[in-house]
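Chain and residue survey
These are the residues of each chain, in order.
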Amino acid sequence: GVGRKDATTLEEAPRMGAGVMELDHGQLDWTLTYDEYDYVIEGTLQIEIDGRVVTGNAGDIIYIPKNSHIIFKTPSWTRYAYFVYPANWADLV
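The residue numbers shown here count from 1 along each chain, following its written sequence. Totals for whole chains, interfaces and linings use every residue, but because this is a predicted model, local features are given only for residues with pLDDT of at least 70 and side-chain atom pairs only at 80 or more, for both listing and counting. As a convention, hydrogens and water are excluded, and side-chain values are obtained from all of the structure's heavy atoms.

Secondary structure elements follow DSSP: runs of H or I no shorter than four residues count as helices, runs of E no shorter than two count as strands, and numbering proceeds from the N terminus. Its place among the elements puts Thr44 in strand β4 (residues 35-49). Polar contacts, as used here, are pairs of N or O atoms within 3.5 Å; protein pairs need one atom able to donate a hydrogen and one able to accept it. Residues neighboring in sequence count only if both atoms are side-chain atoms. A distance of 2.8 Å separates the side chain of Thr44 from the side chain of Asn57, its partner in a polar contact. Whether two residues are in contact is decided by their heavy atoms, any of which lying within 4.5 Å being enough. Among all residues touching Thr44, those that are not within four sequence positions of it are Thr55, Gly56, Asn57, Lys73, Thr74, Pro75, Trp77 and Thr78.

So, in structure tokens, the structure goes:
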């Protein structure tokens, strides 16, 4: 299961986007066309970035550079906040 809730709209914050994601025993393949920071709120977040796995636990921040092919995954459950630039990331995918 994957859940996402954006914290801002393009009208409120036209340059940067933010929101909260939850993953439950799963993974999500994605190619970023924008820069992203992920702050792990709860659980364990694993991100495979171009073949290299980065693991974050509560309190950790992970940077993902633009144009990276990634796989978000968790061995159990995680909730993390994401911060993206530019804010219109959804228009770029």
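The rest of the description comes next.
We now examine the nonpolar core. Throughout, nonpolar core names a set of buried Ala, Val, Leu, Ile, Met, Phe, Trp, Tyr and Cys residues whose side chains join them through atoms within 4.5 Å. For each residue, the accessible area found with a 1.4 Å probe, counting protein chains only, is set against the maximum for its type, and the residue is called buried under 20%, exposed over 50%, and partly exposed in between. Formed by 16 residues in total, the largest nonpolar core has its most connected members in Leu45, Ile47, Ile64, Ile70 and Phe72. Among the elements of the structure, β2 (17-24), β4, β6 (61-64), β7 (69-73) and β8 (77-85) are those that each provide at least two residues to this core. In terms of residue count, β4 provides more of this core than any other element does, 4 residues in total.

Attention now moves to the pattern of salt bridges. When a carboxyl oxygen of Asp or Glu is within 4 Å of a side-chain nitrogen of Lys or Arg, the pair counts as a salt bridge. Using the criterion set out here, one finds 3 salt bridges in the structure. We note a salt bridge from Glu22 to Arg79, for which the minimum N-O separation is 2.7 Å. On the criterion of sequence distance, the pair formed by Glu22 in strand β2 and Arg79 in strand β8 is long-range, its members being 57 residues apart. Classification of Arg79 by relative accessible area gives partly exposed; the value is 25%. In this structure, Glu48 engages Lys73 in a salt bridge whose closest nitrogen and oxygen atoms are separated by 3.3 Å. With Glu48 in strand β4 and Lys73 in strand β7, the pair connects residues that are 25 residues apart, well separated along the chain. Using a relative accessible area of 22% as the deciding quantity, one classes Glu48 as partly exposed.

Burial of β7 is extensive: 4 of the 5 residues sit out of reach of the surface. We treat two strands as partners when DSSP finds at least two bridges between them. Bridge count between strand β3 (residues 27-31) and β7: 5 bridges; the pairing is antiparallel. Residue Leu28 lies in a different strand from β7, and its bridge partner there is Phe72. In terms of strand pairing, β4 meets β7 through 4 bridges, oriented antiparallel. Bridge pairing links Glu48 to Ile71 in β7.

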